[in-house]
Amino acid sequence: MKKVISVLAAGAMMMALLAGCGGSASSADSSGSAASSAVSSSEAVSSEAASSGEASAPSSEAADAARLEAIVAAIEEVNEVANPRAIDDFSLENEMGLTPDNIVAFCGDVTNDQADCSLVFAAQVKDGAADTVKAELEAYKESMSSTLYADFADKVAKAQDARIVVKGNLAVMVIAGVNGPDYSEIDTAINGALA
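This report concerns the structure included in the present document. In this convention, every chain numbers its residues from 1, walking through the sequence in written order. Note on the predicted model: pLDDT of at least 70 is required for a residue's local features to be given, and 80 or more for side-chain atom pairs to be given and counted; whole-chain, interface and lining totals, by contrast, use all residues. Excluding hydrogens and water, the side-chain values take into account all heavy atoms of the structure.

Let's shift gears to the overall build of the chain. For the chain, the count of helices and strands is seven helices and five strands. In this description a helix means any DSSP run of H or I spanning at least four residues, a strand means any run of E spanning at least two, and both kinds are numbered starting from the N terminus. For the chain, the N- to C-terminal ordering of α and β elements is α-α-α-β-α-β-β-α-α-β-β-α. Contacts are residue-level and defined by heavy atoms, with any inter-residue pair within 4.5 Å sufficient. Put simply, of all contacts in the chain between residues at least 6 apart along the chain, 64% involve residues at least 24 apart. In the form shown here, the chain has an accessible surface area of approximately 9,300 Å², with 52% of it arising from carbon and sulfur atoms. Each accessible area value is a Shrake-Rupley result obtained with a 1.4 Å probe; residue values ignore everything except the protein chains displayed when judging cover.

The side chains of a regular strand alternate, residue by residue, between the two faces of the sheet. The buried count for strand S2 (residues 103-111) comes to nine of nine residues, which makes it a mostly enclosed element. The rule for pairing is simple: two strands pair if DSSP sees at least two bridges between them. Here strand S1 (residues 84-86) runs beside S2; their pairing, made up of three bridges, is antiparallel. Looking at S2, one finds that Arg 85 is bridged to Val 110. Inspection of the sheet shows S2 paired to strand S3 (residues 119-125) by seven bridges, in the antiparallel sense. Paired with Ile 103 across the bridge in S3 is Val 125. Think of it in three bands: residues with accessible area under 20% of the maximum for their type are buried, residues over 50% are exposed, and the middle band is partly exposed, with areas taken using a 1.4 Å probe on protein chains only.

Turning to the sheet that holds S1, a few remarks are in order. With respect to topology, five strands assemble into an open sheet ordered S1-S2-S3-S5-S4, the strand pairing being antiparallel. What marks the edges here is a single partner per strand, and that holds for S1 and strand S4 (163-167). Within the sheet, the average angular offset between the axes of one strand and its neighbour, ignoring direction, is 10 degrees. Orientation is described by axes fitted as lines to C-alpha atoms, over the contacting stretch for helices, and by angles from 0 to 180 degrees between their N-to-C directions.

Further remarks concern helix H7 (residues 183-193). For H7, every residue scored as buried is listed here: Tyr 183, Ile 186, Ala 189, Ile 190 and Ala 193. All buried residues of H7 project into a common sector of 115 degrees when viewed along the axis, lining one side. In H7, the exposed residues that point more than 90 degrees away from the buried face are Thr 188, Asn 191 and Gly 192. Directions drawn from the helix axis to the C-beta atoms are what define this arc.

It is worth spelling out the packing of aromatic side chains at this point. Note on aromatic contacts: the rings of Phe and Tyr and the six-membered ring of Trp form a pair at centre separations within 6.5 Å, being stacked when their planes are under 30 degrees apart, edge-to-face when over 60 apart, and tilted otherwise. For the coordinates displayed, the defined rule picks out one aromatic pair. Note on Phe 106 and Phe 121: the rings are 6.1 Å apart at their centroids and 35 degrees apart in plane angle, and the pair reads as tilted. Highlighted residues: Phe 106 in strand S2 and Phe 121 in strand S3, separated in sequence by 15 residues. Across this residue pair, the class does not change: Phe 106 and Phe 121 are buried.

Tracing the chain through its elements places Lys 155 in helix H6 (residues 153-160). Within 3.5 Å is the distance limit for a polar contact, defined as a pair of N or O atoms, with the added protein rule that one can donate a hydrogen and the other accept it, and that residues adjacent in sequence qualify only through two side-chain atoms. A distance of 2.3 Å separates a polar side-chain atom of Lys 155 from the backbone oxygen of Gln 114. At 3.5 Å, the side chain of Lys 155 forms a polar contact with the backbone oxygen of Asp 116.

When we look at burial in H6, the residues that qualify are Lys 155, Val 156, Lys 158 and Ala 159. Along the axis of H6, the buried positions cluster into a sector of 165 degrees, meaning they face one direction only.

One side-chain nitrogen of Lys or Arg within 4 Å of one carboxyl oxygen of Asp or Glu is enough to make a salt bridge. A full pass over the atoms with the stated rule returns two salt bridges. Ionic pairing is found between Glu 95 and Arg 85, a salt bridge with its closest N-O pair at 3.1 Å. Of the two residues, Glu 95 is situated in helix H4 (residues 89-95) and Arg 85 in strand S1; the sequence distance between them amounts to ten residues. For Asp 187, the salt bridge is made with Arg 163, and the minimal N-O distance between the two is 2.7 Å. One end of the pair, Asp 187, is in helix H7; the other, Arg 163, is in strand S4, and 24 residues separate them in sequence. With a relative accessible area of 27%, Asp 187 lands in the partly exposed category.

Have a look at this one:
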């Protein structure tokens, strides 16, 4: 019984640590969604660990989710997301077209400002799924530049130059804001965050 309680307490601490992922003062509900998304896999692991008596898995999942949060924060220092909306489970699957079964955990923000197009997204993907996730992100990038932003030349240009980087089991996608930084600054931020 003590092990089950300690595992549940560890899960609650992970939720508290991740509550800041992708949030802003104006969208508390969105940041809660991002934190839930980033730890949805962790909760499943916590439940499994509680059943099997293993208490080490949640700390590994928490570390992975914290790493994603740190990657997003580092990139957003260079490429601020105006009026951010946290990327949640619905956005992941229905807006970005990613297959949830390929994703272990994720974190990110997309602008909720119709005059902008900034996006910062980081995901830990399952073993063997990196190429599939990269292809899905490329398809999302193509849809933005060919249809979604069709009436906005400045957004199309930014979307066409979006960065998609896969390193090991980490996948990152970044779209610069309309008035955002040069992509060379974003490239440096991505490389530093994934180092």
